[in-house]
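The lines below spell out each chain.
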Amino acid sequence: MKYLEEFRDEQQVKKLLDEIHKIVTREWHIMEICGGQTHSLVKNGILNLLPGNIIMIHGPGCPVCVTPIGMIDRAVELALKKDVILCSFGDMVRVPGSEMSLLKAKAMGADVRIVYSPLDALKIAADHSDREVVFFAVGFETTAPANALSVVQAKKADIHNYSILTSHVLVPPAMEAILSDEETRIHGFLAAGHVCTIMGSEEYEPISNKYKVPIIITGFEPVDLLHGIKSCVRQLEKGTYLLDNQYKRVVKHEGNKEAKSIIYEIFEIGDREWRGIGMIPSSGYQVRKEYSAFDAMRKFAIKVAEGKENPECMAGQVLKGLKKPHECPLFGNICTPSNPQGAPMVSSEGSCAAYYHFGYESVQKN
Amino acid sequence: MCLAIPGKVISIEPGSHEIFRIGVVSFDGINRQVNLAMVPEVKVNDYVLVHVGVAIQTLDEEEAMKTLEYLKEINELNEELGPELEQEERDQEDDVS
């Protein structure tokens, strides 16, 4: 497919790898924020081809992974109501809550439907005016415009049996939380390309200046990832800490203005709890008061309680890059994709699931 | 979750309001209806980046070509000049990026 194949070119991958091997002189820890990038690095075997002294740390950029267990419990509670159709992205329905997952609720008779787009959930609402349709709106900045658009469309089309249960998270505050943590040792970042497609590159310059870390806006294909890693290593070797956009084909300095204006029409920034990390101030979106009628939290007077976690699960440390998935005692024995104990094992973009599916032996040098 | 893939716009329907504007996008021959509200400038034959049924950006083909050509040039330079001139080449590359 055009604009994908070119960035998967084997010869180009080899050449970029050669260059990285030539320029690196010491150990560097580089965090890729986005779960999609983690998935691509592991799936394409890149971790195993990098020099041993480039340590890739897998960041918290998997929205399914960082959605608090208490939110999943509330989604299950809503799904079990007789008049509710609960719509969700596929990954989310398998995440275990304190008592059960949405999939288990479905097995018990709840009307849980997997949709590809929030706009599909809105269509279900239009087709079932006698039912309440709730869309479980999770995601980073990439997904926020589509989720917000579904509410804008619902209002415009007078569809009042539609609401969203929001658990939206933002990348820059999470990066700051990680960089402020004394335990972390991260020298440079690959910023999440599609988050930047929406928000632009301008949010990241203050972070690279404040914490003196190079930040490279990077795409998802093997050539993109290696191009990003090479740029990061070059800066680290030279001692510079600049923001560098290596994904200019879809990332503009200002991002996508239309998408941002739709986000701000519906959402405002608020504090948000991240599973495994805890509360991060101003790190999420919540529905504005003017759109309360479309906010499932207000519509159904939902209160989020603390969920029960498996105390042995190391998901929190994995999400902060302090532990590798296979260092967790549950990994691969008690905790597997068919019986996940923590969220990074559930989503295919979670680092635990990526290590499990593609063979952690091949990446354990990291 | 933040997966987004490029596809080619085949047709555009105006829709009753700009927020409902949709088009058909081809992903290597597989066609899907996509919301185009966030790419108001998009034309038929443009490439768009699609995430959960919504086009989130028009792909800048010129920038895509620039990146590919830049990578190609660096390779050719490496081959022509050999390893001893790498530092110089790297400095040139820094000017470009």
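Residues numbered from 1 in each chain as written. Chains lettered and ligands numbered in written order. Predicted model: local features only at pLDDT ≥ 70, side-chain atom pairs only at ≥ 80, totals over all residues.

**As for the overall build of chain B**
Looking only at helices and strands, chain B has two helices and five strands in total. When its helices and strands are written in sequence order, chain B yields β-β-β-β-β-α-α. When the 97 residues of chain B are sorted by exposure, 32% land in the buried category. Residue pairs in contact within chain B that sit at least 24 positions apart in sequence constitute 25% of those at least 6 positions apart. (Helix = DSSP H or I, 4+ residues; strand = E, 2+ residues; numbered from the N terminus. Buried ≥ 20, exposed ≤ 12 C-beta atoms within 10 Å, placed from the backbone. Contact = placed C-beta atoms within 7 Å.)

**Notes on the overall build of chain A**
Check the secondary structure of chain A and you find 16 helices and eleven strands. The C-alpha radius of gyration computed for chain A amounts to 20 Å, which stays within 12% of the reference 21 Å derived for 366 residues, consistent with globular compactness. Taking the principal axes of the C-alpha coordinates as reference, chain A spans close to 65 × 45 × 40 Å. (Rg over C-alpha atoms; globule rule 2.2 N^0.38 Å.)

**Concerning the sheet that holds strand β6 (residues 162–169) of chain A**
Residues and elements named next belong to chain A. Read from one edge to the other, the open sheet built from six strands follows the order β4-β3-β5-β6-β11-β10, with strand pairing classed as mixed. With partners counted over all chains shown, the strands left at the sheet margins are β4 (111–114) and β10 (267–274), one partner each. Each adjacent strand pair in this sheet contributes to an overall mean axis angle of 25°, direction not counted. Against the sheet, helix α7 (residues 118–127) contacts β3 (84–88), β4, β5 (132–139) and β6, and its axis sits at roughly 175° relative to β5. (Pairing = 2+ DSSP bridges. Axes fitted to C-alpha atoms, helices over the stretch in contact; angles between N-to-C directions.)

**Brief notes about the interface of chain B and chain A**
Listed by partner, the interface residues are 32 residues for chain B and 44 residues for chain A. Every element with two or more residues in the side of chain B that touches chain A is listed here: β4 (47–51), β5 (54–58) and α1 (61–81) of chain B. Among the elements that line the side of chain B that touches chain A, the one with the most residues is α1(B), at six residues. Among the residues making up the side of chain B that touches chain A, the classes are represented as 20 nonpolar, eight polar and four charged. (Nonpolar A, V, L, I, M, F, W, Y, C, P; charged D, E, K, R; others polar.)

**So, the sheet that holds strand β2 (residues 54–61) of chain A**
Residue and element names in this part refer to chain A. If you trace the five strands from one edge of the open sheet to the other, you get β2-β1-β7-β8-β9, paired in parallel fashion. Only two strands of the sheet have a single partner each, and these edge strands are β2 and β9 (243–245). Geometrically, the sheet is characterised by an average inter-axis angle of 20° between neighbouring strands, direction not taken into account. When strand β1 (residues 28–34) meets β2, the two strands line up parallel, connected through six bridges. Residue pairing for β2: His 29 is matched across the bridge by Ile 55. Strand contacts of helix α2 (residues 35–43): β1, β2, β7 (188–192) and β8 (215–218), with the helix running at about 120° to β1, the strand carrying the most contacts.

**What about the pairing of strand β3 (residues 30–35) of chain B?**
All names here are of chain B. Note: strand β2 (residues 22–27) against β3, six bridges, orientation antiparallel. When the sheet's bridge partners are listed, Val 25 is paired in β3 with Arg 32. Counting the residues that bridge the hairpin from β2 to β3 gives two residues, and of these Asp 28 lies at a positive phi of roughly 55°.

**Regarding the domain arrangement of chain A**
All names here are of chain A. Once the domains are mapped, chain A shows domain 1 (5–55 + 176–240), domain 2 (65–170 + 255–299) and domain 3 (316–358). The C-alpha-based centres of domain 2 and domain 3 are spaced at 25 Å. Counting residues at the interface gives nine residues for domain 2 and nine residues for domain 3. (Domains from an automatic or database assignment.)

**A look at unusual backbone geometry**
Residues and elements named next belong to chain B. Its identity as a non-glycine residue notwithstanding, Asp 28 has a phi of 55°, on the positive side. Positionally, Asp 28 belongs in the loop between β2 and β3. Look at Asn 45: it is not a glycine, yet its phi comes out positive at around 85°. Looking at the secondary structure, you find Asn 45 in the loop between β3 and β4. Using a count of 8 C-beta atoms within 10 Å as the deciding quantity, one classes Asn 45 as exposed.

**Here's the deal with the packing of helix α8 (residues 144–156) of chain A against helix α13 (residues 257–266) of chain A**
Packed helices, taken two at a time, are described by the angle their axes make and the gap between the axes. All names here are of chain A. Here α8 crosses α13 at 60°, and the two axes come no closer than 8 Å. One element, α8, and the other, α13, form an angle in the oblique class. The two elements α8 and α13 cross, and the hand of that crossing is left-handed. Contacts between α8 and α13 involve Ala 144, Pro 145, Ala 148, Leu 149, Val 151 and Val 152 from the first element and Ala 259, Ile 262, Ile 263, Glu 265 and Ile 266 from the second. (Parallel < 35°, antiparallel > 145°, perpendicular 65-115°, else oblique. Left-handed = near helix turned anticlockwise from the far one by under 90°.)

**Let's talk about helix α16 (residues 351–358) of chain A**
The α-helix winds at 3.6 residues per turn, so residues separated by three or four positions along the chain end up facing the same way. Residue and element names in this part refer to chain A. The buried fraction of α16 amounts to six of the eight residues, a majority that puts the element mostly inside the structure. Within the sequence span of α16, burial applies to Ser 351, Cys 352, Ala 353, Ala 354, Tyr 355 and Tyr 356. As for α16, its buried residues are in contact with α2, β2 and α15 (315–319). Directly after α16, the chain includes Gly 359, whose backbone phi takes a positive value near 85°.

**Observations regarding α2(A)**
All names here are of chain A. The buried fraction of α2 is high, at eight of nine residues. The complete set of buried residues in α2 reads Gly 35, Gly 36, Gln 37, Thr 38, His 39, Ser 40, Leu 41 and Val 42. Directly beyond the C-terminal end of α2, a positive phi value near 70° is found at Gly 45.

**Concerning the confidence of the model for chain B**
Keep in mind that low pLDDT regions are not for reading the predicted coordinates in detail. Residues and elements named next belong to chain B. Per-chain confidence: chain B averages 83 in pLDDT, with 76% of residues scoring 70 or above. Across chain B, element-level confidence peaks in β5 with a mean pLDDT of 98 and bottoms out in helix α2 (residues 86–96) with 47. pLDDT under 50 marks residues 82–90. Its contacts with residues more than four places away, or in other chains, come to four contacts. Predicted complex, confidence summary: ipTM 0.92, pTM 0.91. (pLDDT = per-residue confidence, 0-100.)

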